[in-house]
Amino acid sequence: MIERRPFDRLGNADHGWLKAKHHFSFASYHDPANMGWGALRVWNDDTIAPHTGFPPHPHADMEIVTYVREGAISHQDSLGNKGRTVAGDVQVMSAGSGITHAEYNMEDETTRIFQIWIIPDAHGQPPSWGTRPFPRGERAGRFVALASGIPGDADALPLRTDARVLGATLKAGETAEYAMAPGRHGYLVPARGSVELNGVKLEARDGAAIRDERSLRVTALEDVELVLVDVAA
């Protein structure tokens, strides 16, 4: 089963400095029939104006993955961590027992991110944060694990949940495949470009909610950049 969720039908919020699209219920956008997808709770498509951002605010018991599509995001938290994550790279914050953080676009250009929240397997663990570069060339033509709590994904940023966040870049006409284990849920979004996923066409920034599919076959209809989340049901 693949359910296409068109970008123009997603939840919407316009705060001036922040323009957000919500794939699932979030903040003032509430849809009781759309509270997540398996352990995937939030997927926000955020556009952040230059020299603005999210002031310090708390989180607890959530795995928060930020995938930077354009520009850069600067992070600072109550553990003393500071970092700047640029386009194509990923940061992971395990909120655990509690952490306060701020995220700002300190650039002179607009920053665009996907922010992905996944429910952890256990609550109350010590909080942590990390970031690392994933040059697009390393995921050319295939899916690469960017963040993962699944054994064997040694090169990915660690997640404290039975989930995997993957990225891929494909040239027009290229195909990539990904095997889904039985009972898993997937959610795929083209960050740019259009694709065909097991016969279903997706435009840029559409969502695809996936279940009961043994294999995903993605064909690029133009040059594309993809993000896929594989979670427990």
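The structure displayed is predicted, hence computed values, not measured ones.

**Comments concerning the overall build of the protein**
Phase 1 of the analysis: Across its full length, the protein holds zero helices and 22 strands.
Phase 2 of the analysis: Taking 2.2 N^0.38 as the reference for a compact globule, 233 residues should give roughly 17 Å; the C-alpha atoms of the protein span a radius of gyration of 17 Å, in line with that estimate.
Phase 3 of the analysis: Expressed as a percentage of its 233 residues, the buried residues of the protein come to 53%.
Phase 4 of the analysis: Contacts in the protein between residues at least 24 apart in sequence constitute 71% of all its contacts with a sequence separation of at least 6.

**Remarks on the nonpolar core**
Phase 1 of the analysis: Membership of the largest hydrophobic core comes to 26 residues, with the highest contact counts inside it found for Leu40, Trp43, Ile116 and Ile118.
Phase 2 of the analysis: Elements with a minimum of two residues in this core: strand E4 (40-48), strand E6 (63-70), strand E9 (90-94), strand E11 (111-118), strand E13 (144-148), strand E15 (163-170), strand E17 (184-192) and strand E22 (224-232).
Phase 3 of the analysis: Not counting residues within four places of it along the chain, the set of residues in contact with Leu40 comprises Phe24, Ile116, Trp117, Ile118, Tyr187, Val229 and Val231.
Phase 4 of the analysis: Judged by nonpolar contacts, the second largest core, of 22 residues, contains Ile2, Met180, Leu188 and Ala208.

**Focus on the UniProt feature "domain: Pirin N-terminal" (unreviewed entry) in the protein**
Phase 1 of the analysis: Under the UniProt annotation, the feature "domain: Pirin N-terminal" (unreviewed entry) is placed at residues 12-118.
Phase 2 of the analysis: Summarising residues 12-118: 0% helix, 60% strand, and an end-to-end C-alpha distance of 21 Å.

**Examining the sheet that holds strand E7 (residues 72-77)**
Phase 1 of the analysis: The four strands are arranged E5-E10-E7-E8 in an open sheet whose pairing can be described as antiparallel. Edge positions in the sheet fall to strand E5 (52-59) and strand E8 (82-86), since each has one partner strand and no second. Neighbour-to-neighbour, the strand axes of the sheet open up by a mean angle of 20°, direction not taken into account.
Phase 2 of the analysis: As paired strands, E7 and strand E10 (residues 99-105) are joined by four bridges and run antiparallel to one another.

**Examining the sheet that holds E13**
Phase 1 of the analysis: Reading across the sheet, the seven strands line up as E1-E20-E17-E22-E15-E13-E14 and stay open at both edges, with mixed pairing between neighbours. The open sheet terminates on both sides in strands that have one partner only, identified here as strand E1 (2-5) and strand E14 (157-158).

**A closer look at the environment of Ser78**
Phase 1 of the analysis: Looking at the secondary structure, you find Ser78 in the loop between E7 and E8.
Phase 2 of the analysis: Counting along the chain gives 21 residues from Ser78 to Ile99, while the straight-line C-alpha distance between them is 6.1 Å.
Phase 3 of the analysis: When near neighbours in sequence (up to four residues on either side) are disregarded, Ser78 contacts Ile99 and Thr100.

**Quick look at the environment of Asp162**
Phase 1 of the analysis: In this structure, Asp162 sits in the loop between E14 and E15.
Phase 2 of the analysis: In this structure, the C-alpha to C-alpha distance between Asp162 and Val231, residues 69 residues apart in sequence, is 6.3 Å.
Phase 3 of the analysis: Among all residues touching Asp162, those that are not within four sequence positions of it are Asp121, Ile150, Arg184, Asp230, Val231 and Ala232.

**Looking at the pattern of salt bridges**
Phase 1 of the analysis: Counted under the stated rule, the structure contains 14 salt bridges.
Phase 2 of the analysis: The residue Arg112 makes a salt bridge to Glu70 at a minimum N-O spacing of 2.9 Å. Taken together, the residues Arg112 in strand E11 and Glu70 in strand E6 connect sequence positions 42 residues apart.
Phase 3 of the analysis: Overall, Arg112 belongs to the partly exposed group, its relative accessible area being 24%.
Phase 4 of the analysis: Residue Glu203 is joined to Lys201 by a salt bridge in which the shortest nitrogen-to-oxygen separation is 3.4 Å.
Phase 5 of the analysis: The class for Lys201 is partly exposed, based on a relative accessible area of 45%.

Calculation notes
Residues numbered from 1 in each chain as written. Predicted model: local features only at pLDDT ≥ 70, side-chain atom pairs only at ≥ 80, totals over all residues. Heavy atoms only, no water. Helix = DSSP H or I, 4+ residues; strand = E, 2+ residues; numbered from the N terminus. Rg over C-alpha atoms; globule rule 2.2 N^0.38 Å. Buried < 20%, exposed > 50% of the residue type's maximum accessible area, 1.4 Å probe, protein only. Contact = heavy atoms within 4.5 Å. Core = buried A, V, L, I, M, F, W, Y, C linked by side-chain atoms within 4.5 Å. UniProt positions renumbered as here; feature names shortened; annotations may be inferred. Pairing = 2+ DSSP bridges. Axes fitted to C-alpha atoms, helices over the stretch in contact; angles between N-to-C directions. Salt bridge = Lys/Arg side-chain N within 4 Å of Asp/Glu carboxyl O.

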